[in-house]
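Observations on chain architecture
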Amino acid sequence: MRKNKWQKITPIVLIAITLIFFYLPIILTMIFSFNSSRSLTSWSGFSLQWYQNLFNDRSIISAVTTTVSIAIISTVIATIVGTIAAIGISHTKALFKEIILSVNNLPILNPDIVTAIGLMLLFTTLSVPKGFTTMLLAHIAFSIPYVILSVLPKLRRLDPNIAEAAMDLGATPWQALIK
């Protein structure tokens, strides 16, 4: 059955409208970030004063540094722990695997703010001083379920005999895991 002209164009138009709806405010904010006026409604000339103020403010630079370091450290740790957990989960029995995956999906299904408040209450109850370490632990806890969810399907497609073959050829168990 042939599609008429409107059936071909309609999805393209809907995608274009959706992209404009999502990205136009971002583009306008980027453009008006170079405005010399404080107003977002009137353009009064090109200026870099807001960026100069941004890079001269030590508290903002400190916040960006903390954010980037939390992101990098938590990503590396969550990737390593999540991958090892996914390997362990893939080698368990079916019933135990289903239980673990159900528990793993809880943080994904929960709104992030609920998990964050739960972790804050946990740290408060255990009298752990809140700071960089607790924020890092919370981000790792947020990320591990997503890593497990991403790695498990890849492990299912992997030949289970590869690690044994690598060890038969002289690799240590650690080398077989890493490579």
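For the structure, see preceding data.
Summarised in this report is the structure supplied together with it.

Here is what the cut-offs are and how they apply
Residues numbered from 1 in each chain as written. Predicted model: local features only at pLDDT ≥ 70, side-chain atom pairs only at ≥ 80, totals over all residues. Heavy atoms only, no water. Helix = DSSP H or I, 4+ residues; strand = E, 2+ residues; numbered from the N terminus. Rg over C-alpha atoms; globule rule 2.2 N^0.38 Å. Buried < 20%, exposed > 50% of the residue type's maximum accessible area, 1.4 Å probe, protein only. Contact = heavy atoms within 4.5 Å. Areas by Shrake-Rupley, 256 points an atom, 1.4 Å probe, with all protein chains shown as cover. Lys, Arg positive; Asp, Glu negative; His and termini not counted. Charge placed at Lys NZ, Arg CZ, Asp CG, Glu CD. Axes fitted to C-alpha atoms, helices over the stretch in contact; angles between N-to-C directions. Parallel < 35°, antiparallel > 145°, perpendicular 65-115°, else oblique. Polar contact = N/O pair within 3.5 Å; in protein donor to acceptor, adjacent residues only side chain to side chain. Phe/Tyr/Trp six-rings, centres within 6.5 Å; stacked < 30°, edge-to-face > 60°. Core = buried A, V, L, I, M, F, W, Y, C linked by side-chain atoms within 4.5 Å. Expected span 1.5 Å × (residues − 1). Left-handed = near helix turned anticlockwise from the far one by under 90°. Nonpolar A, V, L, I, M, F, W, Y, C, P; charged D, E, K, R; others polar.

**Details of the overall build of the protein chain**
The secondary structure content of the protein chain amounts to eight helices and zero strands. For 179 residues, the compact-globule formula gives about 16 Å, and the C-alpha radius of gyration of the protein chain, at 25 Å, lies well above that figure. Considered along the principal axes of its C-alpha atoms, the protein chain spans approximately 70 × 65 × 35 Å. Looking at the protein chain as a whole, 16% of its 179 residues are labelled buried. When contacts within the protein chain are restricted to residue pairs at least 6 apart in sequence, those whose partners lie at least 24 apart make up 52%. If you sum the accessible surface of the protein chain, you get close to 13,900 Å²; carbon and sulfur atoms cover 72% of it. Averaging the coordinates of the 13 positive side-chain charges in the protein chain and doing the same for the 6 negative ones gives two points 16 Å apart.

**Examining the packing of helix α4 (residues 94-109) against helix α6 (residues 132-157)**
Running from N to C, α4 and α6 cross one another at 135°; their axes reach a closest spacing of 8 Å. Overall, the two elements α4 and α6 adopt an arrangement that is oblique. Touching L101, N104, N105, P107 and I108 of α4 are P145, Y146, I148, L149, L152 and R156, all from α6.

**Regarding unusual backbone geometry**
Even without glycine at this site, S127 takes up a positive phi of about 55°. Within the secondary structure layout, S127 lies in the loop between α5 (112-125) and α6. Using a relative accessible area of 62% as the deciding quantity, one classes S127 as exposed.

**Side note on the side chain of N35**
By secondary structure assignment, the location of N35 is in the loop between α1 (5-32) and α2 (49-56). Within polar-contact distance, the side chain of N35 engages the backbone oxygen of S42 at 2.8 Å. Among the polar contacts made by the side chain of N35, one reaches the main-chain amide nitrogen of S44 at a distance of 3.0 Å. The residues touching N35, leaving out its near neighbours within four places in the chain, are S42, W43, S44, G45, S47 and W50.

**Quick word on the packing of aromatic side chains**
What describes a pair of aromatic rings is the distance from one ring centre to the other and the angle between the planes of the rings. Under the definition given, this model contains four aromatic pairs. Between F21 and F22, the ring centres sit 5.4 Å apart and the planes meet at 70°, which makes this aromatic pair edge-to-face. Note on F22: relative accessible area 52%, which makes it exposed. Among the aromatic residues, ring-to-ring pairing joins F34, F46 and Y51 into one connected group.

**Considerations on the nonpolar core**
I70, A78, A86, I89, L101, L136, I140, I144, V147, I148, V151 and L152 together form the largest nonpolar core, which totals 12 residues. The element best represented in this core is α6, accounting for seven residues.

**Quick word on the environment of G131**
With respect to the secondary-structure elements, G131 resides in the loop between α5 and α6. C-alpha of G131 to C-alpha of S33: the two residues are 98 residues apart in sequence and 31 Å apart in space.

**Quick look at helix α3 (residues 58-90)**
Here α3 spans 47 Å end to end across 33 residues, near enough to the 48 Å set by a 1.5 Å rise per residue. When we look at burial in α3, the residues that qualify are I70, S74, A78, G82, A86 and I89. Along its buried surface, α3 packs onto α4 and α6.

**Description of the packing of α3 against α6**
One can describe the packing of α3 onto α6 by two numbers: an axis separation of 6 Å at closest approach and a directional angle of 40°. Relative to α6, the element α3 is oriented oblique. Here α3 and α6 pass one another in a crossing that is right-handed. When its residues are assigned to classes, the contact of α3 with α6 shows 19 nonpolar, nine polar and no charged.

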